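Coordinate inspection notes
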Amino acid sequence: MNIIVTGGAGFIGSNFVYYMLDRHPEDRILCIDCLTYAGNMSTLARAMENPRFTFYKTNICDRAGIYEIFEKEHPDMVVNFAAESHVDRSIETPEIFLQTNILGTQVLMDACRKYGIERYHQVSTDEVYGDLPLDRPDLFFTEKTPIHTSSPYSASKASADLLVQAYHRTYGLPVSISRCSNNYGPYHFPEKLIPLMIANALNDKPLPVYGTGENVRDWLYVEDHCKAIDLIIHKGRVGEVYNIGGHNEMKNIDIVKLICAKLGKSEELITFVGDRKGHDLRYAIDPTKIHDELGWLPETRFADGIDKTIEWYLSHKSWWETIISGEYRNYYERMYANR
Ligand code: NAD
Ligand code: TDX
């Protein structure tokens with residue numbers, strides 16, 4: 001099979017590229033990524049040596065460029081990871097989120113319609129369901145939970161999901177959608193909570209916790225997410241949505257304290273800063289459907305996953321040090337200086 005993976009130079013996309021190259025020696029992986037600030041060719045260095053991997057530096061909004069790739073490669077499947085993915089940046093500059101996340105999705109699906117496809121898979125997020133209250137631990141997001149978004153990022157992802165469902169109903173495009181909770185693991189860009197705290201702690205810099213730090217996220221090791229998507233594209237039902245989550249809820253402040261403890265750093269580095277606008281309180285996924293239909297369960301316990309992740313950041317310092325010494329410094333200054 002020829003499988004297009006968009007956004008493969010980013011965090012989850014690159015992990016998926018490596019997962020698929022390892023697990024499916026019969027498949028070719030065609031990565032499309034325009035290399036925004038979040039995309040990194042050094043992440044794909046090992047894949048570039050594999051004859052079953054091809055990289056296209058193309059924007060998913062570039063219709064002519066995307067059609068050209070489809071014409072040449074005759075893909076059997078598309079897995080769309082390409083997105084602007086950081087909530088804080090969406091609050092600062094929403095427009096690019098609407099372009100890439102909604103219009104880029106449309107271009108990819110138009111190409112699928114024009115050239116034919118076995119499966120178009122949209123990688124979505126639990127954030128499309130909005131948030132849950134902190135005092136109702138009995139509540140979880142199911143696939144039937146109404147869409148109710150908070151940030152420009154989540155609104156753009158929800159819009160894309162609706163468009164994907166419309167292309168299925170109207171044009172019969174064979175689609176599937178997965179909505180996943182917060183991922184962590186190797187190649188996570190250091191603007192997100194876990195890698196930012198690891199990098200700052202290692203550099204003895206303040207650890208900026210938004211608001212009270214009581215907000216809850218449901219953490220999933222990235223490889224478990226990749227496995228779930230592999231199952232959905234091969235065995236999942238067309239037209240369906242599958243929630244993917246780890247049943248692993250943690251308060252932000254507890255994650256940051258854990259990182260301090262693991263790295264032998266003082267909790268005095270923790271600095272409470274102004275809250276994120278519209279900050280979602282709690283995400284928690286009910287993964288019953290994907291478990292019952294496809295037998296998926298998360299395999300990595302958080303205790304093991306966080307150790308592997310910290311170990312990875314310790315042994316790949318040049319990967320993240322290169323990132324945080326570049327344009328990232330301006331971002332960090334803008335986002336945190338007067339918070
Ligand atoms: P990321 O920001 O690390 O990577 C995004 C990648 O997409 C980058 O390589 C970037 O260069 C590329 N890209 C961005 N705009 C593009 C465009 N217009 N054309 C081509 N390439 C483009 O993101 P991530 O954390 O790996 O997330 C991947 C997907 O998973 C996203 O769709 C996101 O919404 C979803 N998701 C992420 C999480 C999470 O915890 N990170 C959780 C649930 C869902
Ligand atoms: O410096 C920080 N301090 C802090 O307290 C950062 C960067 C984050 N936070 C908080 C905000 C959130 O409550 O940590 C929590 C996690 O924040 P992020 O890592 O930015 O992730 P989140 O906003 O939960 O969104 C992530 O999960 C869902 C991904 O970035 C999305 O792409 C995905 O859809």
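Before going into details, it helps to say that this report is about the structure given with it. Just so it is clear, the model here is predicted, and its values are computed rather than measured.

Comments concerning helix H1 (residues 11-23)
For H1, which comprises 13 residues, the first-to-last C-alpha distance of 19 Å matches the rise-based estimate of 18 Å (1.5 Å per residue) to within 8%. Of all 13 residues in H1, eleven are buried, a share of seventy percent or more. Of all the residues in H1, the buried ones are Phe 11, Ile 12, Gly 13, Ser 14, Asn 15, Phe 16, Val 17, Tyr 18, Tyr 19, Met 20 and Leu 21.

Some remarks on the site of ligand 1
With respect to spatial proximity, 29 residues lie near ligand 1, and among them Ile 12, Asp 33, Ser 85, Tyr 153 and Lys 157 are the closest. One of the backbone N or O atoms of Gly 10 is found 2.9 Å from an oxygen atom in ligand 1. The side chain of Ser 85 places a nitrogen or oxygen atom 2.7 Å from an oxygen atom of ligand 1. Put simply, the parts of the chain that give the shell around ligand 1 at least two residues each are H1, strand E5 (119-125) and helix H6 (152-171). For the shell around ligand 1, the element with the highest residue contribution is E5, accounting for three residues. In terms of residue class, the shell around ligand 1 is built from 13 nonpolar, 13 polar and three charged.

Some thoughts on the packing of aromatic side chains
Scanning the model with the defined rule gives 22 aromatic pairs in all. With 5.2 Å between their ring centres and 50° between their planes, Phe 16 and Phe 81 make a pair best called tilted. Of the two residues, Phe 16 sits in helix H1 while Phe 81 sits in the loop between strand E4 (77-80) and helix H4 (87-92), which places them 65 residues apart along the sequence. A ring pair is formed by Trp 312 and Tyr 313, whose centres lie 4.9 Å apart and whose planes are at 75°; its orientation type is edge-to-face. The class for Trp 312 is buried, based on a relative accessible area of 10%. In textbook terms, an aromatic cluster arises when at least three aromatic residues are bridged by ring pairs, as seen for Tyr 37, Phe 189, Tyr 210, Tyr 328, Tyr 331, Tyr 332 and Tyr 336. Positioned over the ring face of Tyr 171 is Arg 113, at 3.5 Å from the centre of the ring. It is Arg 217 that lies over the ring of Tyr 283; its NZ or CZ is 4.0 Å from the centre.

Notes on the site of ligand 2
Near ligand 2 there are 21 residues, and of these Thr 125, Tyr 153, Arg 276, His 279 and Tyr 336 occur at the shortest range. With respect to ligand 2, the side chain of Arg 276 contributes an N or O atom lying 2.6 Å from an oxygen atom. In the environment of ligand 2, an oxygen atom lies 2.7 Å from a nitrogen or oxygen atom belonging to the side chain of His 279. Where the shell around ligand 2 is concerned, the elements lending two or more residues are helix H7 (193-202) and strand E8 (207-210). At three residues, the largest contribution of residues to the shell around ligand 2 is made by E8. When grouped by side-chain class, the residues that make up the shell around ligand 2 number nine nonpolar, seven polar and five charged.

Structural notes on helix H5 (residues 95-115)
The end-to-end C-alpha distance of H5, which contains 21 residues, comes to 29 Å, matching closely the 30 Å that a straight helix rising 1.5 Å per residue would cover. Where H5 bends most, at Leu 103, the angle is about 25°. Within the sequence span of H5, burial applies to Phe 97, Thr 100, Asn 101, Ile 102, Gly 104, Thr 105, Val 107, Leu 108, Met 109, Asp 110, Ala 111 and Cys 112. Tucked inside the fold, the buried residues of H5 contact strand E1 (2-6), helix H3 (63-73), E4, H4, E5 and H6. Backbone geometry just after H5 places Gly 116 at a positive phi near 85°.

Some thoughts on the sheet that holds strand E3 (residues 53-56)
Reading across the sheet, the seven strands line up as E3-E2-E1-E4-E5-E6-E11 and stay open at both edges, with parallel pairing between neighbours. Either end of the sheet is taken by a strand with one partner, and the two such strands are E3 and strand E11 (241-244). Taking the axes of each pair of neighbouring strands and ignoring which way they run, one obtains an average angle of 20° across the sheet. Relative to strand E6 (residues 175-180), E5 runs parallel, the two sharing six bridges. Within E6, the residue paired with His 121 across the bridge is Ser 176. Against the sheet, H1 makes contact with E1, strand E2 (28-32), E3 and E4, and its axis sits at roughly 160° relative to E1, the strand it touches most. This element, H5, spans E1, E4 and E5 of the sheet and lies at about 165° to E5.

Parameters at a glance
- Residues numbered from 1 in each chain as written.
- Chains lettered and ligands numbered in written order.
- Predicted model: local features only at pLDDT ≥ 70, side-chain atom pairs only at ≥ 80, totals over all residues.
- Heavy atoms only, no water.
- Helix = DSSP H or I, 4+ residues; strand = E, 2+ residues; numbered from the N terminus.
- Expected span 1.5 Å × (residues − 1).
- Buried < 20%, exposed > 50% of the residue type's maximum accessible area, 1.4 Å probe, protein only.
- Near = heavy atom within 4 Å.
- Polar contact = N/O pair within 3.5 Å; in protein donor to acceptor, adjacent residues only side chain to side chain.
- Nonpolar A, V, L, I, M, F, W, Y, C, P; charged D, E, K, R; others polar.
- Phe/Tyr/Trp six-rings, centres within 6.5 Å; stacked < 30°, edge-to-face > 60°.
- Lys NZ or Arg CZ within 6 Å of the ring centre and 35° of its normal.
- Bend = angle between axes of the 7 residues up to and from the residue.
- Contact = heavy atoms within 4.5 Å.
- Pairing = 2+ DSSP bridges.
- Axes fitted to C-alpha atoms, helices over the stretch in contact; angles between N-to-C directions.

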